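As a plain string of letters, each chain reads:
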Amino acid sequence: MEKKYILILKGTILFTPTAGKFEIHPDSYLIAQGGLICGIYKDLPEKYKDLTIEDYGNSLIIPGFVDLHTHAPQFNQIGLGLDYKLLDWLNHYTFQEENKFRQIEYAQKVYEKFADTLVSSGTTRSAIFATIHPKSCQILFEILKKKGLGAYLGKVNMDTKCPDFIKENTQQSLANTEELILAWSDSELVKPIITPRFAPTSTRKLLEGLGKLALKYNLPVQSHLAENPGEIEWVQALFPEHDAYYKVYDHYNLFGQTPTLMAHCIHLTDDEIDILATKKVVPVHCPDSNLNLTSGIMPTRKMLKAGVNIGLGSDIGAGHSLFMPQIIVRAIQLSKIYSLQHEEDAPLTLPEAFYMATKGGGSFFGKVGSFEPGYAADAIVIKNENLPSELSPLEEIQRFIYTGSAQNIAARYTAGKKL
Ligand SMILES: Nc1nc2[nH]cnc2c(=O)[nH]1
């Protein structure tokens, strides 16, 4: 047996194979080979007996977190300008900040810190927006790879309705995107994703070209949808030929023709929610961001009832933290507020929101976010030394999610490799 590809972790193993319930294996062995989970064992099988065991005592071992929507170049603007709503926030802060990424030295510094924070936070997979700048984007690809993180990373495309300093030439935008696709499509853990910023900053030509690239290279797509009422009105004015926002993306093969993430999806009709389910488009709930920019509350329970698979996103810098447990908490809290006005829509439970930040969001990457056999061995270890030892594993996960920090994470693994 090839010893080097086998990872054996010992601890209390906890995950959500289904949305509503934690599965807990106290004092057990989690075994992975070649980066994939083989199984969970109460007693170590004989054939593994002479291999090294990473023994974490009775610490919790849980799947690494999945952040399905975040903006790396906004790392240095976290917490700034959050008295604005979306469109003013973009104009007053974000576009200026993103413009700094034309300088690769600046990109290198910010992106290193961004990636280090993902690692320390226990986020092992993420879907990331970069900026329009191909060189900086290339740097971020390299940094994520070097840190051993899993990610879909998109060079942002925008060629209209934004300040000139950050506006691309359409053909150049498509050519730069294709170059990055060719450079990174075969990479193991960090892969390209088609990333029109959102409909308003895209010409029809750009959307058409991006849709063609998505189909040509069979690449996933990420963008923003129905985040803010002003944004939705703007889309109606800019694209009068489409009677719904999502149809702009759909028309250009950017809405479910390949796997698609749509951040926010707050202001959708019931029919539009059904379309998300039919087309298997994944709406990414970004509760911190939606509160900070007063965007609204995503109707998560209604979407779950419609059969939609929801992911969670930090959405920094509109969100103010990359730490996914806080995003889980905020998603639950917002669903509680929502349920006060909508009695038929019960709040999310902790295992439901935990699922969104692990297996639910992870499904965008394939078999990610669970400890079932065949899943990627993405795991983090939660230290329990500061917590009272009389807590049950279920209480420990509750305590960690609500009050924990990066300091409580003792180790992180992506696809079986220690970060
Ligand atoms: N939250 C958020 N929404 C957007 N819509 C278009 N661009 C952005 C962005 O950078 N952040």
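Our subject in this report is the structure included herewith. Only a predicted model underlies this, so the values are computations on that prediction, with no experimental measurement involved. (Residues numbered from 1 in each chain as written. Predicted model: local features only at pLDDT ≥ 70, side-chain atom pairs only at ≥ 80, totals over all residues. Heavy atoms only, no water.)

### As for the site of the ligand
- Neighbouring the ligand are 13 residues, the closest being His71, Gln74, Arg197, Glu227 and Asp315.
- In this structure, an oxygen atom belonging to the ligand sits 3.0 Å away from a side-chain N or O atom of Gln74.
- Contact distances for the ligand include 3.5 Å between a nitrogen atom and a side-chain N or O atom of His264.
- Starting from 280 Å² of accessible surface for the ligand in isolation, the protein chains cover 100%.
- In this structure the site holding the ligand corresponds to the largest cavity.
- Take the shell around the ligand: its biggest share by element is three residues, from helix H1 (residues 86–99). (Near = heavy atom within 4 Å. Polar contact = N/O pair within 3.5 Å; in protein donor to acceptor, adjacent residues only side chain to side chain. Areas by Shrake-Rupley, 256 points an atom, 1.4 Å probe, with all protein chains shown as cover. 1 Å grid on protein atoms, 1.4 Å probe; cavity = no way out; pocket = protein on both sides within 12 Å on 5 of 7 lines; lining within 4 Å. Sits in = over half its atoms within 2 Å of the grid points. Helix = DSSP H or I, 4+ residues; strand = E, 2+ residues; numbered from the N terminus.)

### Quick look at unusual backbone geometry
- Geometrically, the link from Ile316 to Gly317 is a cis peptide bond, its omega value of -5 degrees lying close to zero.
- The backbone of Cys265 shows a phi angle near 45 degrees, a positive value even though the residue is not glycine.
- With respect to the helices, strands and loops of the structure, Cys265 is situated in the loop between strand E12 (260–264) and helix H8 (270–279).
- We classify Cys265 as buried; its relative accessible area is 0%.
- Positive phi outside glycine occurs at Ala415, with the angle close to 45 degrees.
- Here Ala415 lies in the loop between strand E16 (409–414) and strand E17 (417–418).
- According to the relative accessible area criterion, Ala415 is buried, its value standing at 18%. (Buried < 20%, exposed > 50% of the residue type's maximum accessible area, 1.4 Å probe, protein only.)

### Describing the layout of surface pockets
- Quantified by volume, the largest pocket comes out at close to 330 Å³.
- Those elements that place two or more of their residues in the lining of the largest pocket are strand E1 (6–18) and strand E7 (150–154).
- Across the lining of the largest pocket, the residue classes break down as 12 nonpolar, three polar and five charged.
- Each of two domains, domain 1 (3–64 + 370–418) and domain 2 (65–365), supplies a minimum of three residues to the lining of the largest pocket.
- Of the voids in this model, the second largest pocket is the one considered here, and its volume is about 200 Å³.
- Taken together, Lys145, Gly148, Leu149, Ser187, Glu188, Leu189, Val190, Thr414, Ala415, Lys417, Lys418 and Leu419 make up the full set of residues lining the second largest pocket.
- Classifying every residue of the lining of the second largest pocket by side-chain character gives five nonpolar, three polar and four charged. (Points joined across faces, edges and corners; volume = space filled by probe spheres on them. Nonpolar A, V, L, I, M, F, W, Y, C, P; charged D, E, K, R; others polar. Domains from an automatic or database assignment.)

### Structural notes on the sheet that holds strand E4 (residues 54–63)
- One open sheet holds the seven strands; their spatial order is E3-E2-E1-E4-E15-E16-E17, and the pairing between them is mixed. The open sheet has two free edges, formed respectively by strand E3 (36–41) and E17, since each of these has just one partner strand.
- Together, E1, strand E2 (21–33) and E4 form the strand contacts of helix H12 (residues 350–362), whose direction differs from that of E1 by roughly 125 degrees.
- Sheet strands touched by helix H13 (residues 393–403): E1, E2, E4, strand E15 (379–382) and E16. Its angle to E4, the strand with the most contacts, is close to 65 degrees. (Pairing = 2+ DSSP bridges. Contact = heavy atoms within 4.5 Å. Axes fitted to C-alpha atoms, helices over the stretch in contact; angles between N-to-C directions.)

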